[in-house]
Amino acid sequence: MDKKQALDAIFDLKSVAIVGVAKEEEFNTRRLFLNHIIEYGFKGPIYLVKPQGRRGVRHQDLSPYKGHPGTVDYVISCIQAPLVPQLIKDCAAKG
């Protein structure tokens, strides 16, 4: 991967996943990230990923995705710290 391709991978995102869908409450990190992505005008797919067996929430026209979505360029982690190493392994395995 050359420098241009590396920068495109960071700044020209095609899809985003937010992992750690939380129940609706007055404030949560997942909602903060999601609102900023939508306000920015991101047009690609936004996957709300929830852990297996948990009940997720719906945000506007987005439904929680259980498990691993398709190709994702950028993952935002909103999960507990002890779960992050496994998330990184899952992302690496998914490519």
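Reference entry: report on the structure contained in this document. (Residues numbered from 1 in each chain as written. Predicted model: local features only at pLDDT ≥ 70, side-chain atom pairs only at ≥ 80, totals over all residues. Heavy atoms only, no water.)

Some points on helix H2 (residues 29-40)
For H2, spanning 12 residues, the distance from its first C-alpha to its last is 17 Å, which sits close to the expected 16 Å at 1.5 Å a residue. Every buried residue of H2 is listed here: Arg30, Arg31, Leu34 and Ile37. Within H2, the buried residues cover an arc of 130° as seen down the axis, which keeps them to one side. In this structure, H2 carries Glu39 and Tyr40 as exposed residues pointing more than 90 degrees from its buried face. Looking at the buried side of H2, the elements it contacts are strand S1 (16-19), strand S2 (46-50) and strand S4 (74-77). Trailing H2 by a residue or two, glycine 41 shows a phi angle of about 95°, which is positive. (Helix = DSSP H or I, 4+ residues; strand = E, 2+ residues; numbered from the N terminus. Expected span 1.5 Å × (residues − 1). Buried < 20%, exposed > 50% of the residue type's maximum accessible area, 1.4 Å probe, protein only. Arc of directions from axis to C-beta. Contact = heavy atoms within 4.5 Å.)

Notes on the environment of glycine 20
Residue position: glycine 20 is located in the loop between S1 and H2. Judged by its relative accessible area of 10%, glycine 20 falls in the buried class. Those residues in contact with glycine 20, other than ones at most four positions away along the chain, are Arg30, Val49, Cys78 and Ile79.

Examining the pairing of S2
One face of the sheet, then the other: side chains in a regular strand alternate in exactly this way. Of all five residues in S2, four are buried; the element is thus mostly enclosed. As defined by bridge partners, S1 adjoins S2 across four bridges and the pair is classed as parallel. Pairing of isoleucine 18 across the sheet is with leucine 48, part of S2. (Pairing = 2+ DSSP bridges.)

Notes on the side chain of serine 15
Mapped onto the fold, serine 15 is located in the loop between helix H1 (3-11) and S1. Setting aside its immediate chain neighbours within four residues, serine 15 contacts Phe42, Pro45, Tyr47, Thr71, Val72, Asp73 and Tyr74.

Side note on the nonpolar core
Across soluble globular proteins, nonpolar side chains show a tendency to be buried alongside one another. By size, the foremost hydrophobic cluster in this structure holds nine residues: Val16, Ile18, Leu34, Ile37, Phe42, Ile46, Leu48, Ile76 and Cys78. Put simply, the parts of the chain that give this core at least two residues each are S1, H2 and S2. Not counting residues within four places of it along the chain, the set of residues in contact with cysteine 78 comprises Ile18, Val19, Gly20, Thr29, Arg30 and Phe33. (Core = buried A, V, L, I, M, F, W, Y, C linked by side-chain atoms within 4.5 Å.)

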